[in-house]
Amino acid sequence: MMTNPTGRLTQGQFSFLPDLTDAEISQQIQYGLDKGYAWSVEYTDDPHPRNTYWEMFGMPMFDLKDAAGVLGELNECRKTFPRHYIRLMAFDSTRGVESIAMSFIVNRPDAEPGFALERQEAGGRTMRYTTRGYAAGKPELERY
């Protein structure tokens, strides 16, 4: 059985590692830029595993060649939403479609309440499971 020893949200790359420093984030951004990826900054206060559509902060950065531009946009998002989850997404459009090549969380709220797994018994031996965020029942600005 796999467990999460960190007790933190694990989505995207580097989820089980300690938080990346801005220097390490900058290196990852530059790696993606060198491969031709376009970056975007996204945020949410509802990080449910099936919530794949986070809010975009600003526009996708297709023409940047320097990691400092993406890091500047990230820092603006951190100032605007300091208690939200923020992630960076890199899009690879080299094959004519935009698919996500990299994704990792770069900001978290101070306290991460986690999720509850609710089991329901149905007909026969059928079991249904639902994941519910502990913070989801609170008003938007009071979740974290």
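Our subject is the structure listed above.
Because the structure is a prediction, the values reported are computed rather than measured.

### Quick notes on the pattern of salt bridges
Should their charged atoms come close, side chains of opposite charge can pair. Counted under the stated rule, the structure contains four salt bridges. E42 is the salt-bridge partner of R87, the closest N and O atoms lying 2.8 Å from each other. One end of the pair, R87, is in strand β3 (residues 85-92); the other, E42, is in strand β1 (residues 38-44), with 45 residues separating them in the sequence. With a relative accessible area of 7%, E42 lands in the buried category.

### Quick look at the environment of N75
With respect to the helices, strands and loops of the structure, N75 is situated in helix α2 (residues 67-80). Separated by 32 residues in sequence, N75 and N107 have C-alpha atoms that sit 10.0 Å apart.

### Focus on a nonpolar patch on the surface
A surface patch of nonpolar side chains, about 330 Å² in accessible area, is lined by L117, M127 and Y129. Checked against the element boundaries, M127 lands in strand β6 (residues 127-133).

### Some details on the sheet that holds strand β4 (residues 99-107)
As summarised here, the arrangement of the four strands in space is β2-β1-β3-β4, forming an open sheet in which the pairing is antiparallel. Each edge of the sheet is formed by a strand with only one pairing partner; in this case those strands are β2 (55-61) and β4. Taken pair by pair, the neighbouring strands of this sheet meet at an average axis angle of 20°, ignoring direction. Note that β1 and β2 share four bridges and pair antiparallel. Within β2, the position partnered with V41 by the bridge is F57. Each of β1, β3 and β4 is contacted by helix α1 (residues 22-34), which is oriented at about 170° to β4, the strand it contacts most. Those strands touched by α2 are β1, β2, β3 and β4, and its axis lies near 165° from that of β2.

### Here's the deal with the nonpolar core
Formed by 21 residues in total, the largest nonpolar core has its most connected members in I25, I29, W39 and L88. For this core, the elements supplying multiple residues, two or more each, are α1, β1, β2, α2, β3 and β4. Element by element, the count of residues in this core is highest for α2, at five residues. I25 has contacts with L20, L71, L74, R78, L88, F104 and V106, leaving out every residue within four places of it along the chain.

### Thoughts on α2
If you check α2, its first and last C-alpha atoms are 20 Å apart, about what 14 residues at 1.5 Å a residue would give, namely 20 Å. Those residues of α2 that fall on the buried side of the exposure criterion are A67, V70, L71, L74, C77 and R78. Seen end-on, α2 carries its buried residues on one side only, within an arc spanning 115°. For α2, the secondary structure elements touched by its buried residues are α1, β1, β2, β3 and β4.

The rules we used
- Residues numbered from 1 in each chain as written.
- Predicted model: local features only at pLDDT ≥ 70, side-chain atom pairs only at ≥ 80, totals over all residues.
- Heavy atoms only, no water.
- Salt bridge = Lys/Arg side-chain N within 4 Å of Asp/Glu carboxyl O.
- Helix = DSSP H or I, 4+ residues; strand = E, 2+ residues; numbered from the N terminus.
- Buried < 20%, exposed > 50% of the residue type's maximum accessible area, 1.4 Å probe, protein only.
- Patch = residues over 30% accessible without salt bridge, like charges linked within 9 Å, V, L, I, M, F, W, Y side chains within 5 Å.
- Areas by Shrake-Rupley, 256 points an atom, 1.4 Å probe, with all protein chains shown as cover.
- Pairing = 2+ DSSP bridges.
- Axes fitted to C-alpha atoms, helices over the stretch in contact; angles between N-to-C directions.
- Contact = heavy atoms within 4.5 Å.
- Core = buried A, V, L, I, M, F, W, Y, C linked by side-chain atoms within 4.5 Å.
- Expected span 1.5 Å × (residues − 1).
- Arc of directions from axis to C-beta.

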